[in-house]
Amino acid sequence: MARTRVRISSLLALSAALALTAACGNTPSPQDAKSQDGTQPQANKKPVVVVTTTWEGAFAKAAGAEDVKVIVPQSVHHAPDYDPKPSDLAAVAKADFVLYAPFEPYAAKIKEAAGSKAKLVEVELDNDPTKVSAEVARLAGLFGTPEAATQWKTGFDTEYTKLNKDVQAAWPGGRSPSVVTQVFTAWAAKLAGATPVGTYGPEAVTPAQLAELAAKKPELVLDNAHMSTGTVLPDSGAKQVKIVNYPGEDLDLLAVYRNAAAELKKAMGS
C-alpha cells in the first residue's frame, strides 16, 4: 500500500513538471505577444511610408523604403495647390511615416490626419546633391534601411559625376556660362558647373530686379517649371531653360538630373 502511494505521488510530480515545461515552451515572449496583437511591428517589417509628392517619394525610395504611397498626383503641375481628398487622409492614418515639406499649405491637414501612430517627418526639398545625400541618409536612419541608402548613394554619385562632366563638355568655347537662376533651381547651375550671377523668386520678378538681373548679362536663365512666371528676362538675349524638380511616378530622382543635363546641353549648343 505504501509502495502504491509512492508511485502515485511520483506520477503526479512528473505530470506537473511536464505541464510546467509545456506551458513555458508555449508562452510567447513579451515581444512576440506584442507582434501578434499588433501593438508592435514584427522584426524586419518594411515601413509603410506616405508622402505628399513624388519629390518626397523619391527621397524615401532612395533611402530604402519600398512601400511608398504618394498623395499628390504627378500630373498636378503645382503640387502646393492640391487639396487632399478624404481617401488621401485615410491613407495617412495607416502609415508608419508621413513625409511632407513645411511650405506645403496642406501640411496642417496631414498632421491632423496622421494621428498618434505615424511619425511625421519634415523633408528639406532641394536637389542640391549634398543636401540630397544628407536627407536620404537621415531618412534611412529612421526607416532602418542604411544599407539600401548607401547602395543608392554609390550609384547616385557615379551618375551625377558623369552628368556633370557631360554638361561641362558642352560649354560654349569651353567657358562656363553666366547664369541667373530661380532660387529652387540653383542646383541645376551647380550641375552645369556654373556659378549664378543672380537669383530671383519665388515671388514674381519686380521691375527693379529685372533691371538688376538684365545688367548681369546672363547667357542662361534657369526657370522653375513648377513656378514659372513666363519669360523672366525678355529682350535680354538670355536663353531660358525649364528645370523640373519633381520626379515622375517611378520616383526615380536621377531622372530629374538627366532631364536637367539634357536641357542645359541643348540650350548651350543651340
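Remember, predicted model here, so these are calculated numbers, not experimental data.

Criteria and thresholds
Residues numbered from 1 in each chain as written. Predicted model: local features only at pLDDT ≥ 70, side-chain atom pairs only at ≥ 80, totals over all residues. Heavy atoms only, no water. Helix = DSSP H or I, 4+ residues; strand = E, 2+ residues; numbered from the N terminus. Buried < 20%, exposed > 50% of the residue type's maximum accessible area, 1.4 Å probe, protein only. Contact = heavy atoms within 4.5 Å. Areas by Shrake-Rupley, 256 points an atom, 1.4 Å probe, with all protein chains shown as cover. Pairing = 2+ DSSP bridges. Axes fitted to C-alpha atoms, helices over the stretch in contact; angles between N-to-C directions.

Peer 1: So, the overall build of the chain: which residues are in play, and what are the values?
Peer 2: Scanning the chain from N- to C-terminus turns up 10 helices and eight strands. The buried share of the chain, taken over its 270 residues, is 39%. Across the chain, contacts joining residues at least 24 apart in sequence account for 53% of those joining residues at least 6 apart. Split by element, the accessible area of the chain, about 14600 Å² in all, is 56% carbon and sulfur.

Peer 1: Before we move on, can you summarise the sheet that holds strand S4 (residues 119–122) with the specific residues and values?
Peer 2: The four strands are arranged S2-S1-S3-S4 in an open sheet whose pairing can be described as parallel. Of all strands in the sheet, those bounded by a partner on one side alone are strand S2 (67–70) and S4. Put simply, the sheet's adjacent strands are angled 25 degrees from each other on average, direction ignored. The sheet contact formed by strand S1 (residues 48–51) and strand S3 (residues 97–100) spans three bridges and is parallel. Paired with Val 49 across the bridge in S3 is Phe 97. The sheet contacts of helix H5 (residues 107–114) involve S3 and S4, and relative to S3 the element is tilted by about 175 degrees.

Peer 1: Requested: an account of the side chain of Asn 224, with residues and values cited.
Peer 2: You can see Asn 224 is positioned in strand S7 (residues 220–224). Given the relative accessible area of 2%, Asn 224 is considered buried.

Peer 1: With reference to specific residues and values, describe helix H3 (residues 54–62).
Peer 2: Extensive coverage of H3 is indicated by the burial of eight of its nine residues. Here H3 has its buried residues at Thr 54, Trp 55, Glu 56, Gly 57, Ala 58, Phe 59, Ala 60 and Ala 62. Looking one or two residues beyond H3, the residue adopting positive phi is Gly 64, at roughly 115 degrees.

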